[in-house]
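Okay, here's what each chain looks like letter by letter:
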Protein chains: 2
Amino acid sequence: MDEDRNRAEDASGSGNGSGSGGKGGHMQIGEVAARTELSLRTIRHYEETGLVVPSARSRGGFRLYTERDVARLMVVRRMKPLGFTLDQMRELLDATDRLDADGPYDDPGDGTTGGRPALLALVRGYERSAAEQVDRLRVQLARAEEFAHDLRTRLDAQAGLAGG
Amino acid sequence: MDEDRNRAEDASGSGNGSGSGGKGGHMQIGEVAARTELSLRTIRHYEETGLVVPSARSRGGFRLYTERDVARLMVVRRMKPLGFTLDQMRELLDATDRLDADGPYDDPGDGTTGGRPALLALVRGYERSAAEQVDRLRVQLARAEEFAHDLRTRLDAQAGLAGG
DNA sequence: AAACCCTACCCTCACGTCAGGGTAGGGTTC
DNA sequence: GAACCCTACCCTGACGTGAGGGTAGGGTTT
């Protein structure tokens, strides 16, 4: 019922002796949530959209995540503030995965996503818009600071009126 | 049809000699959009939620904004990155408006929102969470920069492989 | 008549929240 | 030692929300 109330906070999976199978293999969603600081709902949502799909499921259907999965989630967490959609993140993650996997070898390509040049172009595009978004974030931060400062100043003035 | 396509960019209202009635009085939404860099839809949405209601309407129903309205929109634009809801912004704006309006005089209060002390407490609360949100923004910016940097580094590595 | 505006409505995205049910693993009772 | 229970954790829908975007169809201003 109210289990999702105790979201990432409580769900560290260290309650009883179970430990969900040991860190070496895979962990279940609660531990992942604790480590990534993402909510259970968010992590499940990322699976729904195909962004981060757990490497395995238990017989009972529990999501089982590997360290790689967690790493991917961490990447997503970093990307989030850049304002990409989940679909875009998926595209980018898949592209970099393939680049890393194929490594220095010549990419045979499977016809579905284009070869190395196409992947590189795609990633470069994302790099550009990432840089732009960082700039925008900086502007927003500046505006926010400006606002916070204004607010403080006004409060001080009002306090002065009240105190004097 | 595609009127919202030419959002803030095109709708500067300075095309013909009209100027929508002279800047001294009030301007209509297109000019406001141009000046605030907010979309028409956004400005209308702010009215729907009671956040920034235009001071007047033309006989035909056009929204007419004053400089004060525009100033209020600018404040909203600054607050946006802090992640407040529109309702919260409205509450805060109304509170500061009242504080400014009542100025140094003793506030008689109208019983609906509490007197000066209540208003001040409210604004102080917002100031605190504004400061917190600024911190969060900084964290996000840091993460985003980290990500952008990673991406660049990876791309360089890939380019090296391709070029070598 | 061109440029601008209006309302009303539906759409999107990234989750939050609610409701009901299943699993994992251990303890208790007979 | 089998049946039962307990707690903590997990699951799948389905609906709600916040902040707008977009479109349709029509009115207004100049």
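Residue indices begin from 1 for each chain and proceed along its sequence in written order. For this description, chains carry letters from A and ligands carry numbers from 1, given in the order in which they are written. The model is predicted, so local features are restricted to residues of pLDDT at least 70 and side-chain atom pairs to those at 80 or more, both for listing and for counting; the totals for chains, interfaces and linings are taken over all residues. Side-chain calculation: all heavy atoms of the structure are included, whereas hydrogens and water are not.

- Chain A carries the name MerR family transcriptional regulator in an unreviewed UniProt entry, which gives Kitasatospora phosalacinea as its organism.

1. Observations concerning the overall build of chain A
Point 1. A run of H or I in DSSP counts as a helix once it spans at least four residues, and a run of E counts as a strand once it spans at least two, with each numbered from the N terminus. When helices and strands are tallied, chain A shows five helices and three strands.
Point 2. Remark: exposure states derive from per-residue accessible area (1.4 Å probe, protein chains only) relative to the maximum for the residue type, with buried under 20%, exposed over 50%, and partly exposed in between. Counting across all 164 residues of chain A, residues that qualify as buried make up 34%.
Point 3. Long-range pairs, those at least 24 residues apart, make up 54% of the contacts in chain A between residues at least 6 apart in sequence.
Point 4. Residue burial considers only the protein chains on display, and all accessible areas are found by Shrake-Rupley using a 1.4 Å probe. Total accessible area computed for chain A in this model is approximately 9500 Å², and 49% of it derives from carbon and sulfur atoms. Here a residue-residue contact requires only that any non-hydrogen atoms of the pair lie within 4.5 Å.

2. Concerning the pattern of salt bridges
Residue and element names in this part refer to chain A.
Point 1. Salt bridge, as used here: a side-chain nitrogen of Lys or Arg that lies within 4 Å of a carboxyl oxygen of Asp or Glu. Scanning the entire structure with this criterion turns up 26 salt bridges over all chains.
Point 2. Between R72 and D97 there is a salt bridge, with the nearest N and O atoms lying 2.8 Å from each other. Highlighted residues: R72 in helix 3 (residues 67-79) and D97 in helix 4 (residues 86-102), separated in sequence by 25 residues.
Point 3. By relative accessible area, which is 16% here, R72 ends up buried.
Point 4. When its relative accessible area of 30% is taken as the criterion, D97 is described as partly exposed.
Point 5. The salt bridge involving R138 is made with D135; its shortest N-O contact spans 4.0 Å. Taken together, the residues R138 and D135, both in helix 5 (residues 116-163) and three residues apart, mark about one turn of the helix.
Point 6. Of the residues examined, R138 reaches a relative accessible area of 40% and is grouped as partly exposed.

3. Let's talk about the sheet that holds strand 3 (residues 63-65) of chain B
Residues and elements named next belong to chain B.
Point 1. Two strands pair if DSSP finds at least two bridges between them. If you trace the three strands from one edge of the open sheet to the other, you get 1-3-2, paired in antiparallel fashion. At either margin of the open sheet sits one strand with a lone partner, and together these are strand 1 (27-28) and strand 2 (56-57).
Point 2. The pairing of strand 2 with strand 3 spans two bridges and is antiparallel. Residue pairing in the sheet places R57 in a bridge with R63 of strand 3.

4. Examining the environment of Y46 of chain B
Residue and element names in this part refer to chain B.
Point 1. Positionally, Y46 belongs in helix 2 (residues 40-48).
Point 2. For Y46, a relative accessible area of 4% gives the class buried.
Point 3. Sequence separation between Y46 and D87 is 41 residues, and the spatial gap between their C-alpha atoms is 9.8 Å.
Point 4. Each residue touching Y46, except ones within four places of it in the same chain, is listed here: L38, L51, V52, L73, V76, K80 and L86.

5. Some words on the interface of chain A and chain B
Point 1. Contacts between the two partners involve 38 residues from chain A, matched on the other side by 37 residues from chain B.
Point 2. At the junction of chain A with chain B, the criterion picks out eight salt bridges.
Point 3. The shortest N-O distance in the salt bridge between D100 of chain A and R154 of chain B comes to 2.9 Å.
Point 4. Those elements that provide at least two residues to the side of chain A that touches chain B are helix 3, helix 4 and helix 5 of chain A.
Point 5. It is helix 5 of chain A that provides the largest number of residues to the side of chain A that touches chain B, a total of 26 residues.

6. Digging into the protein's contact with DNA strand C
Point 1. If even one non-hydrogen atom of a residue comes within 4 Å of a molecule or strand, that residue is called near it. Surrounding DNA strand C, one finds 23 residues, the nearest of these being S39, T85 and L86 of chain A together with G30 and R63 of chain B.
Point 2. Under the rule applied, a polar contact is a pair of N or O atoms within 3.5 Å (in protein, one hydrogen donor and one hydrogen acceptor; residues adjacent in sequence only if both atoms are side-chain atoms). Within the backbone of G30 of chain B, an N or O atom sits 2.7 Å from a phosphate oxygen of DNA strand C.
Point 3. Within the side chain of R44 of chain B, one N or O atom sits 3.2 Å away from a phosphate oxygen of DNA strand C.
Point 4. Every element with two or more residues in the surface near DNA strand C is listed here: helix 2 (40-48) of chain A together with helix 1 (29-36) and helix 2 of chain B.
Point 5. Here the surface near DNA strand C gets four residues from one element, more than from any other, and that element is helix 2 of chain A.
Point 6. Residues were grouped as follows: Ala, Val, Leu, Ile, Met, Phe, Trp, Tyr, Cys and Pro as nonpolar; Asp, Glu, Lys and Arg as charged; and all remaining residues, including Gly, as polar. Classifying every residue of the surface near DNA strand C gives six nonpolar, 10 polar and seven charged.

7. A short note on the sheet that holds strand 3 (residues 63-65) of chain A
Residues and elements named next belong to chain A.
Point 1. Taken in spatial order, the three strands of this open sheet run 1-3-2, and their pairing is antiparallel. Two strands bound the open sheet, and with one partner strand each, they are strand 1 (27-28) and strand 2 (56-57).
Point 2. For strand 1 and strand 3, the ladder comprises two bridges, and the chain directions are antiparallel. Across the sheet, residue M27 finds its bridge partner in strand 3, namely Y65.

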